[in-house]
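Each chain is listed here by its residues.
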Amino acid sequence: MTASNETQISVTRTRTPGQRPADASLSFGKVFTDHMFVMNYTEGKGWHDPRVVPYGPLTLDPATSVLHYGQAVFDGLKAFRGADGQIRLFRAQRHAERLNKSCRALCIPEMPVDLVRRSFEAIVAADHEWVPSTQGTSLYIRPTVIATDVMLGVHPAHSYTYFVICSPVGAYYKEGVKPVRILATDSHVRAVQGGLGEAKTAANYAASLSAQQEAEQAGYTQVLWLDGVERKYIDEVGTMNIMMQIGDEVITPPLAGTILDGVTRNSILQLLRDWGHKVSERKISIDEVMEAGRNGTLREMWGTGTAAVVSPVGELGYKGEKISIGNGQTGLLTQKLYDAIVAIQYGQATDAHGWTSTVRVPAAV
Ligand SMILES: *Cc1c(COP(=O)(O)O)cnc(C)c1O
């Protein structure tokens, strides 16, 4: 493997730049920028040819292995344009490391981590004009690795493509942080010990769809996943990590094999500890949560993830019982966490842990 900090990333600019949508019209993941980052892996050669090229379709043989067996991983992070005009990535290094961790879980050869980090910087620099500036908007960055062998045998591929695409996204909360209703399911599971729960991989999302559909049909927004063995302990909510405040303890399930090591989860736990809160990463059963809901000690509950930062839970359903949390309003701590993370992302608060990195934008030509 070549020393990645010396590897040159070539840039080929598009001759047909797209129309950038107005900030107010942005939603999530529907519009893509002018360029994409691409790099290939072939056995013997390793990862090679890192490049920024015009955004466009990938041409794949119908027998390409990823289309059949799902050997694919991805990640998701954001770039923010601060009031000072600077573009900041939030925890790029940690996202790059997690992408490699997901690669290991799926038998995909790891990439030089600083080259992954530089791929984020390179694509954002190339498409810096696409980073929206209204508060709450951002540029969502989606790095993905797919197996590209043309064969139907089931084994790890010998060739891969890494690509990074970007999408300007609108404010997740256009009218203030809004609580959701969630349904704990014991008829589906997301992941089991020894499975892929710790990896950000396409298969986990495919596995979540039918439960999500059932929850929606029952009038809920998201599924609260219970563990795959006893269907008793809380794992995650939708595609977010879950936290709650019971009495004066903030509780989140431990990273014990079935849940994703969320970057937002990690950041929020750090802030809570900085602020002197009692924080427990421990197993918590749905029965304990329902009981806390009934006896009034369940103060707040929220999901954490890059897309929303925090998503407050206003109602929890389980086995036909419904529990209202905080009268269906966003809790004080949930709101405080949201405000604190957002202020760091937009460069309005001191970044005490060095979570953001500014992207150097090429001089105008
Ligand atoms: C991406 C993801 C999260 C949130 O991770 P962040 O790094 O905070 O965005 C949580 N759970 C699952 C299953 C995920 O895929």
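Residues numbered from 1 in each chain as written. Predicted model: local features only at pLDDT ≥ 70, side-chain atom pairs only at ≥ 80, totals over all residues. Heavy atoms only, no water.

Another aspect to go through is the overall build of the protein. Check the secondary structure of the protein and you find seven helices and 18 strands. For the protein, the C-alpha radius of gyration of 21 Å lies close to 21 Å, the compact-globule estimate for 365 residues. Considering the protein as a whole, with its 365 residues, one finds that 53% of them fall into the buried category. For the protein, restricting intrachain contacts to residue pairs at least 6 apart in sequence, the fraction spanning at least 24 positions comes to 71%. Accessible surface, the protein as shown: approximately 16,500 Å² in total, 51% of it carbon and sulfur. In the protein, which carries 35 positive and 37 negative side-chain charges, the distance between the mean positions of the two groups comes to 3 Å. (Helix = DSSP H or I, 4+ residues; strand = E, 2+ residues; numbered from the N terminus. Rg over C-alpha atoms; globule rule 2.2 N^0.38 Å. Buried < 20%, exposed > 50% of the residue type's maximum accessible area, 1.4 Å probe, protein only. Contact = heavy atoms within 4.5 Å. Areas by Shrake-Rupley, 256 points an atom, 1.4 Å probe, with all protein chains shown as cover. Lys, Arg positive; Asp, Glu negative; His and termini not counted. Charge placed at Lys NZ, Arg CZ, Asp CG, Glu CD.)

Contact geometry for helix H2 (residues 92-105) and helix H3 (residues 113-126): axes closest at 9 Å, N-to-C directions at 125 degrees. In terms of axis orientation, H2 runs oblique to H3. For the pair H2 and H3, the crossing hand works out as right-handed. Residues Ala92, Gln93, His95, Ala96, Glu97, Leu99 and Asn100 of H2 pack against Val113, Val116, Arg117 and Phe120 of H3. (Axes fitted to C-alpha atoms, helices over the stretch in contact; angles between N-to-C directions. Parallel < 35°, antiparallel > 145°, perpendicular 65-115°, else oblique. Left-handed = near helix turned anticlockwise from the far one by under 90°.)

Looking now at empty space enclosed by the protein. In this approach a probe as big as a water molecule rolls over the atoms, and the regions it shows empty are the leftover space. This model, assessed by the stated rule, comprises four cavities of 30 Å³ or more. Empty space within the largest cavity amounts to approximately 120 Å³. Lining the largest cavity are 14 residues, with Lys78, Gly136, Ala307, Val309 and Tyr338 positioned closest to its centre. For the lining of the largest cavity, the elements supplying multiple residues, two or more each, are strand S5 (77-81) and helix H7 (332-345). If one sorts the elements of the lining of the largest cavity by residue count, H7 sits on top with three residues. Class assignment of the residues belonging to the lining of the largest cavity gives a composition of 10 nonpolar, three polar and one charged. Each of domain 1 (10-170) and domain 2 (180-345) contributes no fewer than three residues to the lining of the largest cavity. As for the second largest cavity, its lining consists of Leu77, Lys78, Phe80, Phe90, His95, Val263, Thr264, Gly305, Thr306, Val309, Ile341 and Gln345. Going through the elements one at a time, S5, helix H5 (263-274) and H7 are the ones with two or more residues in the lining of the second largest cavity. The element best represented in the lining of the second largest cavity is S5, accounting for three residues. When its residues are assigned to classes, the lining of the second largest cavity shows six nonpolar, five polar and one charged. (1 Å grid on protein atoms, 1.4 Å probe; cavity = no way out; pocket = protein on both sides within 12 Å on 5 of 7 lines; lining within 4 Å. Points joined across faces, edges and corners; volume = space filled by probe spheres on them. Nonpolar A, V, L, I, M, F, W, Y, C, P; charged D, E, K, R; others polar. Domains from an automatic or database assignment.)

Near the ligand there are 16 residues, and of these Lys200, Tyr205, Glu236, Thr264 and Thr306 occur at the shortest range. Lys200 has a polar side-chain atom sitting 2.7 Å from an oxygen atom of the ligand. Separating a nitrogen atom of the ligand from a side-chain N or O atom of Glu236 is a distance of 2.5 Å. Where the shell around the ligand is concerned, the elements lending two or more residues are H2, H5 and strand S15 (298-305). Of the residues belonging to the shell around the ligand, the class tally is four nonpolar, eight polar and four charged. (Near = heavy atom within 4 Å. Polar contact = N/O pair within 3.5 Å; in protein donor to acceptor, adjacent residues only side chain to side chain.)

Another aspect to go through is the domain arrangement of the protein. Splitting the protein by domain gives domain 1 (10-170) and domain 2 (180-345). In this assembly, 21 residues from domain 1 lie in contact with 19 residues from domain 2. For the pair domain 1 and domain 2, the summed buried surface comes to about 1,800 Å²; carbon and sulfur atoms form 58% of the total. When residues of domain 1 are sorted by the area they lose upon contact with domain 2, Phe74, Phe90 and Arg98 head the list and together hold 32% of the total. The interface formed by domain 1 and domain 2 includes one salt bridge. (Buried area = accessible area lost by both parts, 1.4 Å probe. Salt bridge = Lys/Arg side-chain N within 4 Å of Asp/Glu carboxyl O.)

With respect to the helices and strands, the residue His95 is situated in helix H2. Contacts of His95, omitting those with residues within four sequence positions, involve Asp75, Gly76, Leu77, Phe90, Phe120, Val263 and Thr306.

Here the largest pocket is characterised by a volume of approximately 1,000 Å³. What lines the largest pocket is a set of 44 residues, among which Tyr172, Tyr205, Thr239, Met240 and Ala307 lie closest to the centre. At the level of elements, H2, strand S7 (138-147), helix H4 (202-217), strand S10 (222-226), H5 and S15 are the ones that each hand at least two residues to the lining of the largest pocket. Ranked by residue count, the leading element in the lining of the largest pocket is H4, at five residues. Its residues placed into classes, the lining of the largest pocket shows 17 nonpolar, 19 polar and eight charged. Its volume calculated, the second largest pocket comes out at about 660 Å³. Lining of the second largest pocket is provided by 26 residues; of these, Arg13, Ala125, Ala126, His128 and Pro362 occupy positions nearest its centre. Ranked by residue count, the leading element in the lining of the second largest pocket is H3, at five residues. Residue composition of the lining of the second largest pocket, by class: 12 nonpolar, six polar and eight charged.

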